[in-house]
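Architecture and fold: a report
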Amino acid sequence: MLAGVGFREKVLRLVLVAIVFLVVSKSIYAKTISFSEVVEQVVSGSYEVALIDLDYKISQSVAWEKAADFLPNLNARFSTEYVKSLRPDADDLFSISNMLMGNQTKYQSSVSLDFSYTLSDYGVRAHALNYAIFDRSQKEIEREKTVKDLSLNILELYKNILVKIEQKRMLSITLKLQKEILGMTKRLRKAKVISAVELTDAAIEMSTTIEQFDTVGYELDQYLQELTYFTKQTYNQRKDVFMGFEVGDDLAFNQQEPEDSYEYKIADFEVKKKEEEFRPLGASVLPKVDTYASYGSYGSDPKKLLKGIHNISKQNFVAGVDVTVPLFEWLKVPLKHQRIKKEIQRLKLERARLVDQLNKNNRSIMDNIELASKNVVLRKTVKGDVYQKANMKW
């Protein structure tokens, strides 16, 4: 008797454990999915976004490099060498520019601190910096545009998923009603109230609905697999709950003036960069003025290297101005001038054409968003009517 009671307690415990496991597993594997979460997952796992992020970081590094060109050059230098004099009678020490030289056969060493700075390049460095800054800003806009394009693509896919879910639910309701109708038709046929043709028609109608239900389920699986490719997440059409579009999702990529669009801003930065490439062309034929200074110490010994280093004591200071004149650059500049000027004209023409395209495309995008929302609302309304006609609670 006691053994039987113990056995029943074990069975009850196993049943309770199984029930708890089913409840918990259902809550674990069932997911509530929103459009905003899907977009975040797509953006975080997108190769396009990762690449444009790297491009932005690269352009940012280039901008810092161009800014560093404004800094002076300051170098510490140490040198040691052996000099074999071909004129033993000459022992003078002299300097050329910032270099110390002598005519004795000896080991000589020097330590110096060298400074140089470009006094005037007529805006060449400034234009190069502006070009790099425009390129960095362009990459930032390109990232925003990439995210927008991904969101629009996912919007269409997410809309199709919602539509198929609604279709499948409506077909499920229709199928339940048709089962009841088929049962009633069978009873009426058994009572010889209706003909066999009417029974056959009811069966065919139900079979057609079953086929439609299976087709919609297959199409929904295809859309979910496509969504998995973008988000790297798995979905179950029987368990997962896909939320409808909400106002807070900001899927409204609001219609903007063409000049405020990402595409126009990118095209405008292309024009600005080309203009920055054009403006310093005239400066390349002008003299470049640099200044330099060097403070150094010198020592030598005719026989020993280390003693020559130890004897470093003689000091000198050199300062000067260096003017560099490109003699043949004026032959190249007019050709570059003509080419870049035509490239600027072409970029401006492309920008104008883009404005015309954006006026058309922006309206089309807004129409697609409105249509997606209306389709969801329409299907919910029709489904509610079906429930109401069937005297079922919605």
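Keep in mind it's a predicted model, so treat the numbers as computed, not measured.

Turning our attention to the overall build of the protein chain. Scanning the protein chain from terminus to terminus reveals 8 helices and 8 strands. Among the 394 residues that make up the protein chain, the fraction classed as buried is 30%. Counted over contacts in the protein chain with a minimum sequence separation of 6, partners at least 24 positions apart contribute 80%. Only carbon and sulfur atoms are counted for the fraction: they give 58% of the accessible area of the protein chain, which is about 26300 Å².

Attention shifts here to the pattern of salt bridges. Taken as a whole and assessed by the stated rule, the structure comprises 19 salt bridges. Among the salt bridges present, the one from R143 reaches D53, with a minimum N-O distance of 2.6 Å. With R143 in helix α4 (residues 124-190) and D53 in helix α3 (residues 47-68), this pair connects stretches of sequence that are 90 residues apart. Overall, the relative accessible area of 25% leaves D53 in the partly exposed class. With its nearest N and O atoms 2.9 Å apart, the salt bridge here joins E343 to K274. Pair noted here: E343 is in helix α8 (residues 329-389) and K274 is in helix α6 (residues 262-278), with a separation of 69 residues, a long-range link. Residue K274 is classed as buried on the basis of its relative accessible area of 17%.

So, on to a nonpolar patch on the surface. A grouping of V321, V323, V325, L327, F328, W330 and L331 is seen on the molecular surface, where their side chains present a nonpolar patch of about 760 Å² in accessible area. Mapped onto the nonpolar patch, the elements with two or more residues apiece are β8 (314-324) and α8. Along the polypeptide, L327 turns up in the loop between β8 and α8. Here L327 falls in the exposed class, since its relative accessible area comes to 61%.

Membership of the largest hydrophobic core comes to 22 residues, with the highest contact counts inside it found for V38, Y158, I161, L227 and F242. Elements supplying a minimum of two residues to this core: α2 (35-44), α4 and α5 (196-231). If you tally residues by element for this core, the top one is α4, at 10 residues. Ignoring any residue separated from it by four or fewer positions in sequence, one finds Y158 in contact with I33, S34, F35, V38, F242, M243 and F245. Listed in part, the 5 residues of the second largest apolar core include Y264, L354, V355 and L358.

The subject of this paragraph is the sheet that holds strand β2 (residues 73-83). Whether parallel or antiparallel, the strands of a sheet pair through hydrogen bonds between backbone atoms. Spatial ordering of the open sheet is given by β2-β5-β7-β8, a layout of 4 strands whose pairing is antiparallel. With partners counted over all chains shown, the strands left at the sheet margins are β2 and β8, one partner each. Neighbour to neighbour, the strand axes of the sheet diverge by 20 degrees on average, direction disregarded. Sheet analysis places β2 next to strand β5 (residues 106-120), joined by 11 bridges and oriented antiparallel. Bridge pairing in β5 links L74 to F115.

Analysis parameters
- Residues numbered from 1 in each chain as written.
- Predicted model: local features only at pLDDT ≥ 70, side-chain atom pairs only at ≥ 80, totals over all residues.
- Heavy atoms only, no water.
- Helix = DSSP H or I, 4+ residues; strand = E, 2+ residues; numbered from the N terminus.
- Buried < 20%, exposed > 50% of the residue type's maximum accessible area, 1.4 Å probe, protein only.
- Contact = heavy atoms within 4.5 Å.
- Areas by Shrake-Rupley, 256 points an atom, 1.4 Å probe, with all protein chains shown as cover.
- Salt bridge = Lys/Arg side-chain N within 4 Å of Asp/Glu carboxyl O.
- Patch = residues over 30% accessible without salt bridge, like charges linked within 9 Å, V, L, I, M, F, W, Y side chains within 5 Å.
- Core = buried A, V, L, I, M, F, W, Y, C linked by side-chain atoms within 4.5 Å.
- Pairing = 2+ DSSP bridges.
- Axes fitted to C-alpha atoms, helices over the stretch in contact; angles between N-to-C directions.

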